[in-house]
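So the chains spell out like this:
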Amino acid sequence: VYAEVMETNGLPGSSLPNARAAGVLSPLYRSRDGGRTWTRLAVQGSGLALGGGRRTLLYLANDSGSLVSDNGGDSWRPLPVPDNFNTFFQVRTLLAADPTRGDGVYAMIYTEKGVTIVYSPDRGRNWKVVEAGGLDRVYRGLPAWLVPDPKTPGLLYVGLPNGGVFKVQVQR
């Protein structure tokens, strides 16, 4: 069992006790006994994604890029998500494990030029662009989450900050 915990100690100078700055990373916890006890892992991030047959393949985005763990969070290595989109900066990367292919992972990359979705069939060793530009025609803004359909390969649901959801079919 894994938990990404949002700690809300309030922001300095804020009258809201549970205010949280945008972009603040959440600590990651793991339980190996069904949730009775928890251990804080050595990384922080946002958007934890579980993959693989035994659910010990983890993907996480953080300030230094994206990370992958092949052993349930005991150790982490950089996930080399492509950044060669000729952009000035990447605003956000959302990660999602492919439930129909154990080693597959999607990355939705939001830059000042728009949204691009890339796919890796092999835990981030090789990538290909599967959607570029189409999402910008549907919605201009920062997507909040990305979830692959568990039964239909290449069908993705994209959540928007305003509560809207739309689906994108991509060719892996």
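Residues numbered from 1 in each chain as written. Predicted model: local features only at pLDDT ≥ 70, side-chain atom pairs only at ≥ 80, totals over all residues. Heavy atoms only, no water.

1. Observations concerning the sheet that holds strand S12 (residues 155–159)
Right, so step 1: Across the sheet, 3 strands lie side by side as S11-S12-S13; this open sheet has antiparallel pairing. At either margin of the open sheet sits one strand with a lone partner, and together these are strand S11 (145–148) and strand S13 (165–169). For this sheet, the mean inter-axis angle between neighbouring strands, taken without regard to orientation, is 25°. (Pairing = 2+ DSSP bridges. Helix = DSSP H or I, 4+ residues; strand = E, 2+ residues; numbered from the N terminus. Axes fitted to C-alpha atoms, helices over the stretch in contact; angles between N-to-C directions.)

2. Details of the confidence of the model for the protein chain
Right, so step 1: Overall, the predicted model of the protein chain reaches an average pLDDT of 77, with 73% of residues at or above 70.
Right, so step 2: Taken element by element, the protein chain is modelled with least confidence in helix H1 (residues 134–138), mean pLDDT 55, and with most confidence in strand S6 (residues 77–79), mean pLDDT 90.
Right, so step 3: Note on residues 9–23: pLDDT under 50 across the span, and 14 contacts to partners over four residues away in sequence or across chains. (pLDDT = per-residue confidence, 0-100. Contact = heavy atoms within 4.5 Å.)

3. Remarks on the pairing of S12
Right, so step 1: Counting buried residues along S12, 4 of its 5 residues qualify, which places the element largely inside the surrounding structure.
Right, so step 2: As judged from the 4 bridges shared by S11 and S12, these two strands associate in the antiparallel manner. The residue of S12 that forms the bridge with Leu146 is Val158.
Right, so step 3: Following S11, the chain reverses through 6 residues before pairing antiparallel with S12; Gly154 in that reversal takes a positive phi of roughly 85°. (Buried < 20%, exposed > 50% of the residue type's maximum accessible area, 1.4 Å probe, protein only.)

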